[in-house]
Amino acid sequence: MPKQQLKKPDTSPGQGLLWLFGTLLAVQGFGSAVTEAGWNTSFGVAGLLRAAHVPEWGNLLVGCAGTVLLTVAARRHFTKSHR
């Protein structure tokens, strides 16, 4: 009787980078928007965006980009593990 092999999801370096950059962008973008709104201060990405004269909604755009990357990473993870 042959042994059944467990299917492991693909954990390539590219997949890990999607998770990493998605998380970083989401935390930096949405976190910066919250701290600017609540405490009138900027950090991380928000500080760089202010120096480049990007409007305040740029933080939300960075957070949304992070959310998109996390969604792509999750979709790839779950579609590969169910094949």
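Use the structure listed above.
Here's what I pulled together on the structure shown here.

Cut-off values and rules
Residues numbered from 1 in each chain as written. Predicted model: local features only at pLDDT ≥ 70, side-chain atom pairs only at ≥ 80, totals over all residues. Heavy atoms only, no water. Helix = DSSP H or I, 4+ residues; strand = E, 2+ residues; numbered from the N terminus. Buried < 20%, exposed > 50% of the residue type's maximum accessible area, 1.4 Å probe, protein only.

### Looking at the environment of histidine 77
For step 1, the next point in the chain: Tracing the chain through its elements places histidine 77 in helix H3 (residues 57–81).
For step 2, the next point in the chain: The spatial distance from the C-alpha of histidine 77 to the C-alpha of glutamine 15 is 8.0 Å, given a sequence separation of 62 residues.

### Digging into unusual backbone geometry
For step 1, the next point in the chain: Positioned with a positive phi, asparagine 40 is a non-glycine residue whose angle comes to about 55°.
For step 2, the next point in the chain: Structurally, asparagine 40 can be placed in the loop between helix H1 (13–39) and helix H2 (45–51).
For step 3, the next point in the chain: Asparagine 40 sits in the exposed class, given a relative accessible area of 72%.
For step 4, the next point in the chain: Phi at histidine 53 is positive, roughly 65°, even though this residue is not glycine.
For step 5, the next point in the chain: Structurally, histidine 53 is set in the loop between H2 and H3.

Just geometry here; none of it tells us what the structure is for.
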